[in-house]
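Reading the structure
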Amino acid sequence: MPGLLGKKIGMTSVFSADGKNVPCTVIEVGPCVVTQIKTVEVDGYAAVQVGFEDKKEKHTNKPEMGHFKKAGVTPKRHLAEFKGFETEYKLGDVISVDLFAEDDFVDVIGTSKGKGYQGVVKRHGFGGVGQTTHGQHNRLRAPGSIGACSYPARVFKGTRMAGQTGNARVTVQNLQVLKVMPEHNLLMIKGSVPGSKGSILIIEK
């Protein structure tokens, strides 16, 4: 699906036409520069690679510098590929937030906030086991049985247990575009999106 790279600015709220207070996320989308055109003949599939945010040449290795010089653009910090653009782009073309329109529906992909090592109640929503009486003093948030038995005498893979939580790729689908501000490269999307302020997002139509 066609889309662009952006940066999460933060959350706010706006009033709708019928007077409801709607929470929304503000995202700085683009401008993104076309850094590579992939074709079926050469690469086996058709796609457009775009770059977002400049970075210094001293922080760019030689293979990357060759890649960007071939496209005739300055080094970019973030790259992503998108398919299905209606417009045919060339190397060096700039794609702005005008790609989106109000009342469009988009999918937003980002990296969720990391929460460290957490127990099963916070990580998986367990209700806790045992009673609060009869000497139960430290088992209220425990996972209970993890399903081991005489055969196969092991715990199955995928059993929900305590562990690292967050800091994973998350996709939120069908979020409505409330407002497009091309003069500031901003997009206002209804609801929340994964990630902290300043994190990089992929916005797909």
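First, a word on what this report is: a plain description of the structure on this page. On a predicted model such as this, the values are computed, not experimentally measured, just so you know.

Quick look at the overall build of the protein chain
Scanning the protein chain for helices and strands turns up 3 helices and 12 strands. For 205 residues, the compact-globule estimate of 2.2 N^0.38 gives 17 Å, and the protein chain exceeds it by more than 25% at 23 Å. Along the three orthogonal principal directions, the C-alpha set of the protein chain runs to about 70 × 50 × 35 Å. Taken over 205 residues, the protein chain has a buried fraction of 34%. Here the protein chain displays about 12800 Å² of accessible surface, and carbon together with sulfur accounts for 51% of that area. With 28 positive and 19 negative side-chain charges, the protein chain shows a separation of 15 Å between the mean positions of the two kinds.

Digging into the sheet that holds strand 10 (residues 169-181)
The 6 strands lie next to each other as 1-2-11-10-7-12, forming a closed barrel whose pairing is antiparallel. Strand after strand, the sheet turns through a mean of 50° between neighbouring axes, direction not considered.

Notes on the pattern of salt bridges
Close approach of charged atoms allows side chains of opposite charge to pair. Under the counting rule described, the total for this entry stands at 4 salt bridges. Across the pair Glu-53 and Lys-7 runs a salt bridge whose closest N-O atoms are separated by 2.8 Å. With Glu-53 in strand 4 (residues 47-54) and Lys-7 in strand 1 (residues 3-15), this residue pair connects regions lying 46 residues apart in the sequence. Judged by relative accessible area, which is 22%, Glu-53 ranks as partly exposed. A salt bridge links Glu-64 to Lys-55; its shortest N-O distance comes to 3.3 Å. Among the residues examined, Glu-64 registers a relative accessible area of 31% and is labelled partly exposed. Judged by its relative accessible area of 16%, Lys-55 is buried.

Examining the sheet that holds strand 6 (residues 94-95)
Here we have 4 strands laid out as an open sheet, ordered 5-4-3-6, and antiparallel in their pairing. Pairing within the sheet leaves two strands with one partner each, and these edge strands are strand 5 (76-82) and strand 6. As defined by bridge partners, strand 3 (residues 32-38) adjoins strand 4 across 5 bridges and the pair is classed as antiparallel. Bridge pairing in strand 4 places Val-34 opposite Val-50. The strands that helix 2 (residues 62-71) touches are strand 3, strand 4 and strand 5; relative to strand 3, the one it contacts most, it runs at about 95°.

Looking at a nonpolar patch on the surface
Taken together, Ile-146, Val-155 and Met-161 make up a surface patch of nonpolar side chains, about 200 Å² in accessible area. Structurally, Ile-146 can be placed in the loop between helix 3 (120-124) and strand 9 (163-165). For Ile-146, a relative accessible area of 32% puts it in the partly exposed group.

Side note on the packing of aromatic side chains
Applying the stated rule across the entire model yields 2 aromatic pairs. Each ring, one from Phe-82 and one from Phe-85, has its centre 6.5 Å from the other, and the planes form 80°; the classification is edge-to-face. On the basis of relative accessibility, which here comes to 2%, the residue Phe-82 falls in the buried class. For Phe-85, a relative accessible area of 15% corresponds to the buried category.

Calculation notes
- Residues numbered from 1 in each chain as written.
- Predicted model: local features only at pLDDT ≥ 70, side-chain atom pairs only at ≥ 80, totals over all residues.
- Heavy atoms only, no water.
- Helix = DSSP H or I, 4+ residues; strand = E, 2+ residues; numbered from the N terminus.
- Rg over C-alpha atoms; globule rule 2.2 N^0.38 Å.
- Buried < 20%, exposed > 50% of the residue type's maximum accessible area, 1.4 Å probe, protein only.
- Areas by Shrake-Rupley, 256 points an atom, 1.4 Å probe, with all protein chains shown as cover.
- Lys, Arg positive; Asp, Glu negative; His and termini not counted.
- Charge placed at Lys NZ, Arg CZ, Asp CG, Glu CD.
- Pairing = 2+ DSSP bridges.
- Axes fitted to C-alpha atoms, helices over the stretch in contact; angles between N-to-C directions.
- Salt bridge = Lys/Arg side-chain N within 4 Å of Asp/Glu carboxyl O.
- Contact = heavy atoms within 4.5 Å.
- Patch = residues over 30% accessible without salt bridge, like charges linked within 9 Å, V, L, I, M, F, W, Y side chains within 5 Å.
- Phe/Tyr/Trp six-rings, centres within 6.5 Å; stacked < 30°, edge-to-face > 60°.

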